[in-house]
Amino acid sequence: MSTQRITVAKGDGIGPEIMDATLAIILASGAKIEIDEVEIGEKVYLAGNMAGIAKESWDIIRKNKIFLKAPITTPQGGGYKSLNVTTRKFLGLYSNVRPCMSLHPYVKTKHPIMDIVMIRENEEDLYAGIEHQQTDEVVQCLKLISRPGCEKIVRYAFEYAKNYNRKKVTCFTKDNIMKQSDGLFHQVFDEIAKEYPEIENEHWIIDIGAAKMADTPEVFDVIVTLNLYGDVLSDVAAQIAGSVGLAGSANIGEECAMFEAIHGSAPRRAGQNMANPSGLLQGAIMMLKHIGETTAAQNIQNAWLKTIEDGIHTYDIYKEGVSKEKVGTAEFAKAIIANLGKLPTMLKPVTFAKDAVLNLPKYVRKPAAKKDLMGVDIFVHWSGTNPNELAAKVQKLDNENVHLTMITNRGIKVWPEGFEETFCTDHWRCRFKPFEGKSITKNDIIQLLSTALNIGVDAIKTENLYNFDGKAGFSLGQGQ
Ligand code: NAD
């Protein structure tokens, strides 16, 4: 097997200590890697680089394609960009994988038999960061969900389950409310699940699913979900498994991959040889599996389990009566190195399949659907309170083809036949549709907006309403 060059960044705070410990273990395992080091984080930010990383470092990361990253400190305030978010997006790292396993009875947990892998979509959803203030009272954040985004992450989850001998994939969405966006994720999940009949699949509405996970995590195996839900739930899963300090994560793309601990740079613990390197080590083990160094990954994982089981613990998991010896970062690493080649006796040893190759075909765009314009929503900034008054004003926009059919406020229908009790902001959606027997064109939309301008209706944005192959691509107003 050829030697793999990887890029390493030691980061800030406890970063350098836990990275040195992790690299010492990897090198002692016999894994064939060579290292290029780059500088990222606080020093780079404070030198005036708002991204926290120099262009030359990007070149090295892109050339090597495999990036092992220690946590960094993002300076407070002042427009500094999160390097994690930038890295995920720039390198197309669409899949975030976070195993959360309890180490009962050696690490305190309420869930002794928990063993979940959280797989979170990493690029889209509300994290596209497209936000606008539209009226005095209302701001908007766009939730973007794409078919390629859904297909890639859901397929990744099933491929992961297949290759790592997992029995079930659970999908979490809120598609009872977000029928279009979360609905697409759920639909793609159902489509792809059919290709993996040997793996059980199920869907939970996220709220009750999250409650169930926090209460009875042992009923879950692999969980796949959208970006925001996954962000929140993967921290919950890591914490209830034992400690966020023990979990690592992999960020996987079609070309590149980044591996890290899930915790931050813990500045208060820096330079004291106290920090637990386990989170970063877990990230590194996933990296070794990813580059085909399966034997090294397996040996390190088993040596780590044995060290934990031997009661050799850093301060964060040290517990009187369970732990045998409180050690520093470097000593913990030495203990793991001494255990290489040994198996745990109480905790379950791991076996990683040698041929664990995930089959992840490139996304293939489907033929375009037949797209029919069915209407338009014109959003209006208006400071009045009576929707009937607004309707009378906006009805003046009607032309021979289209007319006002509905007004909603924050999604709730307020005209026609709204409730007086409904609280209204200054942000109104006015829906125009064709008269019976007529159709709407983009010229009608231009005419509507032009009339709005002429009569002083403050149109702040429009959304076209389309049917795709005859199926509505827009939601109804609540109460419609
Ligand atoms: P943190 O994760 O650094 O620390 C939270 C708590 O956990 C602290 O009490 C800390 O001492 C403890 N802790 C964390 N890792 C530990 C370890 N390996 N061993 C022992 N104890 C550990 O979170 P924070 O204090 O909110 O953030 C500190 C800095 O880290 C901030 O600048 C933040 O922006 C940054 N951060 C970076 C990343 C990253 O680079 N991936 C992630 C999260 C936070």
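It should be noted that the structure appears before, not after, this text.
Residues numbered from 1 in each chain as written. Predicted model: local features only at pLDDT ≥ 70, side-chain atom pairs only at ≥ 80, totals over all residues. Heavy atoms only, no water.

(A) Structural context of the overall build of the protein. Helix and strand counts for the protein come out as 13 helices and 20 strands. With the C-alpha coordinates of the protein rotated into their principal frame, the extents come out at 85 × 55 × 45 Å. Within the protein, the fraction of its 480 residues that count as buried is 52%. Within the protein, counting contacts between residues at least 6 apart in sequence, those at least 24 apart form 77% of the total. (Helix = DSSP H or I, 4+ residues; strand = E, 2+ residues; numbered from the N terminus. Buried < 20%, exposed > 50% of the residue type's maximum accessible area, 1.4 Å probe, protein only. Contact = heavy atoms within 4.5 Å.)

(B) Spatial organisation of unusual backbone geometry. Following His104, the chain continues to Pro105 via a peptide bond in cis, the omega torsion being 0°. In this fold, Pro105 is placed in the loop between strand E4 (95-101) and strand E5 (115-121). A cis geometry characterises the amide bond from Trp415 onward to Pro416, with omega recorded as -5°. Among the structural elements, Pro416 can be located in the loop between strand E17 (412-415) and strand E18 (427-434). Positive phi, close to 50°, is recorded for Arg410, a residue that is not glycine. Structurally, Arg410 is set in the loop between strand E16 (402-409) and E17.

(C) Molecular detail of the packing of helix H9 (residues 278-290) against helix H10 (residues 294-309). Orientation of H9 relative to H10, taken along the N-to-C sense of each, is 155°, at an axis distance of 7 Å. As the angle between them shows, H9 and H10 are arranged roughly antiparallel. Along this stretch, H9 crosses H10, giving a crossing that reads as left-handed. For the pair formed by H9 and H10, the contact residues are Ser278, Leu281, Gln282, Ile285, Leu288 and Lys289 on the first element and Thr294, Ala296, Ala297, Ile300, Gln301 and Trp304 on the second. Of the residues contributing to the contact of H9 with H10, the split by class is 7 nonpolar, 4 polar and 1 charged. (Axes fitted to C-alpha atoms, helices over the stretch in contact; angles between N-to-C directions. Parallel < 35°, antiparallel > 145°, perpendicular 65-115°, else oblique. Left-handed = near helix turned anticlockwise from the far one by under 90°. Nonpolar A, V, L, I, M, F, W, Y, C, P; charged D, E, K, R; others polar.)

(D) Molecular detail of the pattern of salt bridges. Tallied over the full model, the rule gives 27 salt bridges. A salt bridge links Glu260 to Lys69, with the nearest nitrogen and oxygen atoms 3.1 Å apart. Linking Glu260 in strand E12 (residues 257-261) with Lys69 in strand E3 (residues 66-69), this pair joins segments that are 191 residues apart in sequence. Accessibility classification places Glu260 together with Lys69 in one group, the buried group. Among the salt bridges present, the one from Arg120 reaches Asp231, with a minimum N-O distance of 3.7 Å. Of this pair, Arg120 sits in strand E5 while Asp231 sits in helix H8 (residues 227-241), and the two are 111 residues apart along the sequence. (Salt bridge = Lys/Arg side-chain N within 4 Å of Asp/Glu carboxyl O.)

(E) Region of the structure containing the layout of surface pockets. Each pocket or cavity is described by its volume, and for the second largest pocket that value is around 1,200 Å³. In terms of lining residues, the second largest pocket is bounded by 44 residues, among which Met101, Asp115, Arg166, Gln301 and Val350 are the most central. Contributing elements (two or more residues each) for the lining of the second largest pocket: E4, E5, helix H5 (147-163), H8, H9 and H10. The greatest single-element share of the lining of the second largest pocket, amounting to 4 residues, is contributed by H9. (1 Å grid on protein atoms, 1.4 Å probe; cavity = no way out; pocket = protein on both sides within 12 Å on 5 of 7 lines; lining within 4 Å. Points joined across faces, edges and corners; volume = space filled by probe spheres on them.)

(F) Up close: the nonpolar core. Counting 94 residues, the largest nonpolar core has Leu68 and Ile119 as the members making the most contacts within it. Here the element with the most residues in this core is H5; it accounts for 8 residues. Each of two domains, domain 1 (1-92 + 246-357) and domain 2 (110-241), supplies a minimum of three residues to this core. Residues within four places of Ile119 in sequence aside, it is in contact with Ser95, Asn96, Val97, Ile153, Tyr156, Ala157, Tyr160, Val222, Ile223, Val224 and Thr225. In this structure, Leu404, Val414, Trp415 and Trp428 belong to the second largest nonpolar core, which totals 24 residues. (Core = buried A, V, L, I, M, F, W, Y, C linked by side-chain atoms within 4.5 Å. Domains from an automatic or database assignment.)

(G) Structural view of the sheet that holds strand E2 (residues 33-38). As summarised here, the arrangement of the 10 strands in space is E2-E1-E3-E12-E11-E4-E5-E10-E8-E9, forming an open sheet in which the pairing is mixed. Since the sheet does not close on itself, it has two edges, and those belong to E2 and strand E9 (200-205), each with one partner. With strand direction ignored, the average angle separating the axes of adjacent strands in the sheet is 20°. Looking at chain direction, strand E1 (residues 4-9) and E3 are connected through 3 bridges and run parallel. Residue pairing for E3: Ala9 is matched across the bridge by Lys69. On top of the sheet, helix H4 (residues 83-90) reaches E3, E4, E5, strand E11 (248-252) and E12; it is set at about 155° to E12, its chief contact. (Pairing = 2+ DSSP bridges.)

(H) Representation of the pairing of E2 within the structure. In the sheet, E1 pairs with E2 via 6 bridges, with the strands oriented parallel. Note that in E2 the partner of Ala9 across the bridge is Val38. Handedness of the crossover joining E1 and E2 through helix H1 (residues 15-28) is recorded here as right-handed. (Right-handed = clockwise from strand over helix to strand, strands pointing away.)

(I) The environment of Ile145, seen in detail. For Ile145, the location among the structural elements is in the loop between strand E7 (139-141) and H5. Take Ile145: its relative accessible area is 18%, and that puts it in the buried class. In this structure the C-alpha to C-alpha distance between Ile145 and Ala247, which are 102 residues apart in sequence, comes to 28 Å. Apart from residues lying up to four places away in sequence, Ile145 is in contact with Glu124, Asp125, Cys150, Ser181, Leu184 and Leu226.

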